[in-house]
Amino acid sequence: MSAVIPPPRTAGGGLLPTQMLTRVEDGEQLHALLWRAGAGWRMISSAVLGGGLGERAWVLNAQVAHGYRRTDPHRHLADLARSAGVSGPGVGVMTAADIRGCRRAHDGGVEAVVTAGIAVRGWAAVPAEGLTTADQPGTINIIVALPVPLTDAALVNAVATATEAKVQALLGAGYDCSGTPTDAVCVAARTPDAAQDVQAFAGPRSLWGARVARAVHAAVRSAVMDGSVEEPATAAPRRSDTLRVRTTGGSNRCSTDD
């Protein structure tokens, strides 16, 4: 699989500029959203590829076909990342939702990009025991970037804050659920340096946590209120597995929610 990359043009001019990748896989046209963050970022994530906490240089949110059955999603994501021209440590997540329906929001320097597919949803706490299955593509994927460094504890706190904001947005949009079984989240903060104070708090009533909450809430609400989140991937004639990069511009796709 190869990648053809035109002159850099990205959606979002702040912390989280993204590029849309397009590929054909098993005769189906699929998309992915790539953030080439570069050096100077620490990320915490529940991602199947590059999850945990550490230095990361890119984030890939890849669409896969409905009924995805591969049991090696980490390898699949790594292959897609290499095809897009990124290397080194990064974060990779999956979704069956159409990536073109991604939504963007910002608040006080914090930016969030969300993709949402909510056909399979429910409450986190249910009477039945959980099933041990292979990792599946997440359907509400949240990527958040902050312009300040956070302590390890604050990064964990930011994940909780983003998740609370997601649930609030779902309930506010009229969905009787806390999410889907396979949601994923990634929070990125600047690597500490001598020029900035390291923030110790990211709960919803802290300065930066409140901004995370508002940005995530706006992006999730916009994504789930958009009817396109339920649409299946668009079928296309089978061609060679080539990734093409284009701008995610336009007011209806990853637009900024003021």
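Everything numeric here is computed off the predicted structure, so don't read it as measured data.

## Overview of the environment of Ala202
Piece 1. Position of Ala202 among the secondary structure elements: in the loop between β11 (184-190) and α3 (207-225).
Piece 2. Along the sequence, Ala202 and Ala158 sit 44 residues apart, while their C-alpha atoms lie 5.0 Å from each other.
Piece 3. Excluding its chain neighbours within four sequence positions, the residues that come into contact with Ala202 are Ala154, Asn157, Ala158, Thr161 and Gly209.

## Describing the pairing of strand β4 (residues 41-45)
Piece 1. Among the five residues in β4, five count as buried, and that is most of the element.
Piece 2. Pairing geometry for β4 and β11, over five bridges, is antiparallel. Bridge pairing in β11 places Trp41 opposite Arg190.
Piece 3. Note that β4 and strand β5 (residues 52-55) share four bridges and pair antiparallel.

## Some words on the pattern of salt bridges
Opposite charge on two side chains allows them to pair when their charged atoms are near.
Piece 1. Counting across every chain of the model gives nine salt bridges.
Piece 2. We note a salt bridge from Arg42 to Asp152, for which the minimum N-O separation is 2.2 Å. Here Arg42 is found in strand β4, whereas its partner Asp152 is found in helix α2 (residues 152-172), with 110 residues between them in sequence.
Piece 3. Owing to a relative accessible area of 42%, Asp152 belongs among the partly exposed residues under this scheme.

## Here we look at α2
Owing to its 3.6 residues per turn, the α-helix brings residues three or four apart onto one side.
Piece 1. When the terminal C-alpha atoms of α2 are compared, their 30 Å separation across 21 residues agrees well with the 30 Å that a helix rising 1.5 Å per residue should span.
Piece 2. Within α2, burial applies to Ala154, Leu155, Ala158, Val159, Thr161, Ala162, Ala165, Lys166, Ala169 and Leu170.
Piece 3. Buried residues in α2 make contact with β4, β5, β10 (140-146), β11 and α3.
Piece 4. At the exit of α2 stands Gly174, carrying a positive phi of roughly 95 degrees.

## Some thoughts on the packing of α2 against α3
Each pair of packed helices gets described by two things: the angle between the helix axes and the distance between those axes.
Piece 1. Two elements in contact, α2 and α3, have axes whose closest approach is 8 Å; the angle formed by their N-to-C orientations is 40 degrees. Where α2 crosses over α3, the handedness of that crossing is right-handed. The segment α2 lies against α3, with Ala158, Thr161, Ala162, Ala165, Lys166, Gln168, Ala169, Leu170 and Gly172 engaging Gly209, Val212, Ala213, Val216, His217, Val220, Arg221 and Val224.
Piece 2. Looking at the contact of α2 with α3 residue by residue, the class counts come to 10 nonpolar, five polar and two charged.

## Focus on the confidence of the model for the chain
Piece 1. Scored by pLDDT, the chain has a mean of 84; 79% of the residues are at 70 or more.
Piece 2. Predicted confidence is poor over residues 1-10, with pLDDT under 50, and the contacts of this stretch with residues over four places away or in other chains come to 27 contacts.
Piece 3. Between residues 228-253, whose pLDDT stays under 50, and residues either more than four places distant or in other chains, the model counts 86 contacts.

## Overview of the packing of aromatic side chains
Piece 1. Evaluated as defined, the whole model comprises one aromatic pair.
Piece 2. A cation over an aromatic ring shows up here: Arg211 above the ring of Trp208, its NZ or CZ 4.5 Å from the ring centre.

## Things to note about a nonpolar patch on the surface
Piece 1. A cluster of nonpolar side chains, Trp123, Val126 and Leu171, forms an exposed patch at the surface whose accessible area comes to about 290 Å².
Piece 2. Tracing the chain through its elements places Trp123 in the loop between β9 (110-116) and β10.

## Points about the nonpolar core
Most often, soluble globular proteins keep nonpolar side chains buried together rather than apart.
Piece 1. Counting 36 residues, the largest nonpolar core has Ile142, Val144, Leu146, Leu150, Val187 and Val216 as the members making the most contacts within it.
Piece 2. Listed by contribution, the elements that provide at least two residues to this core are β9, β10, α2, β11 and α3.

## Quick word on the side chain of Arg211
Piece 1. Position of Arg211 among the secondary structure elements: in helix α3.
Piece 2. Asp107 is the oppositely charged side chain nearest to the buried, salt-bridge-free Arg211, at an N-O distance of 4.7 Å.
Piece 3. Residue contacts for Arg211: discarding those within four places in its chain leaves Asp107, Gly108 and Val110.

## Details of the environment of Gly108
Piece 1. Tracing the backbone through its elements, the reader meets Gly108 in the loop between β8 (103-107) and β9.
Piece 2. In the structure, Gly108 is positioned 106 residues away from Arg214 in sequence and 9.5 Å away in space, judged by C-alpha atoms.
Piece 3. Non-local contacts of Gly108, meaning those with residues more than four positions away in its chain, are made with Trp208 and Arg211.

## Describing unusual backbone geometry
Piece 1. With phi around 55 degrees, Asp26 is a residue other than glycine that occupies positive phi space.
Piece 2. On the basis of relative accessibility, which here comes to 69%, the residue Asp26 falls in the exposed class.

## Quick look at the side chain of Asp107
Piece 1. In this structure, Asp107 sits in strand β8.
Piece 2. With near-sequence residues (within four places) excluded, Asp107 lies in contact with Arg211, Arg214 and Ala215.

What counts, and where the lines are drawn
- Residues numbered from 1 in each chain as written.
- Predicted model: local features only at pLDDT ≥ 70, side-chain atom pairs only at ≥ 80, totals over all residues.
- Heavy atoms only, no water.
- Helix = DSSP H or I, 4+ residues; strand = E, 2+ residues; numbered from the N terminus.
- Contact = heavy atoms within 4.5 Å.
- Buried < 20%, exposed > 50% of the residue type's maximum accessible area, 1.4 Å probe, protein only.
- Pairing = 2+ DSSP bridges.
- Salt bridge = Lys/Arg side-chain N within 4 Å of Asp/Glu carboxyl O.
- Expected span 1.5 Å × (residues − 1).
- Axes fitted to C-alpha atoms, helices over the stretch in contact; angles between N-to-C directions.
- Left-handed = near helix turned anticlockwise from the far one by under 90°.
- Nonpolar A, V, L, I, M, F, W, Y, C, P; charged D, E, K, R; others polar.
- pLDDT = per-residue confidence, 0-100.
- Phe/Tyr/Trp six-rings, centres within 6.5 Å; stacked < 30°, edge-to-face > 60°.
- Lys NZ or Arg CZ within 6 Å of the ring centre and 35° of its normal.
- Patch = residues over 30% accessible without salt bridge, like charges linked within 9 Å, V, L, I, M, F, W, Y side chains within 5 Å.
- Areas by Shrake-Rupley, 256 points an atom, 1.4 Å probe, with all protein chains shown as cover.
- Core = buried A, V, L, I, M, F, W, Y, C linked by side-chain atoms within 4.5 Å.
- Lys, Arg positive; Asp, Glu negative; His and termini not counted.

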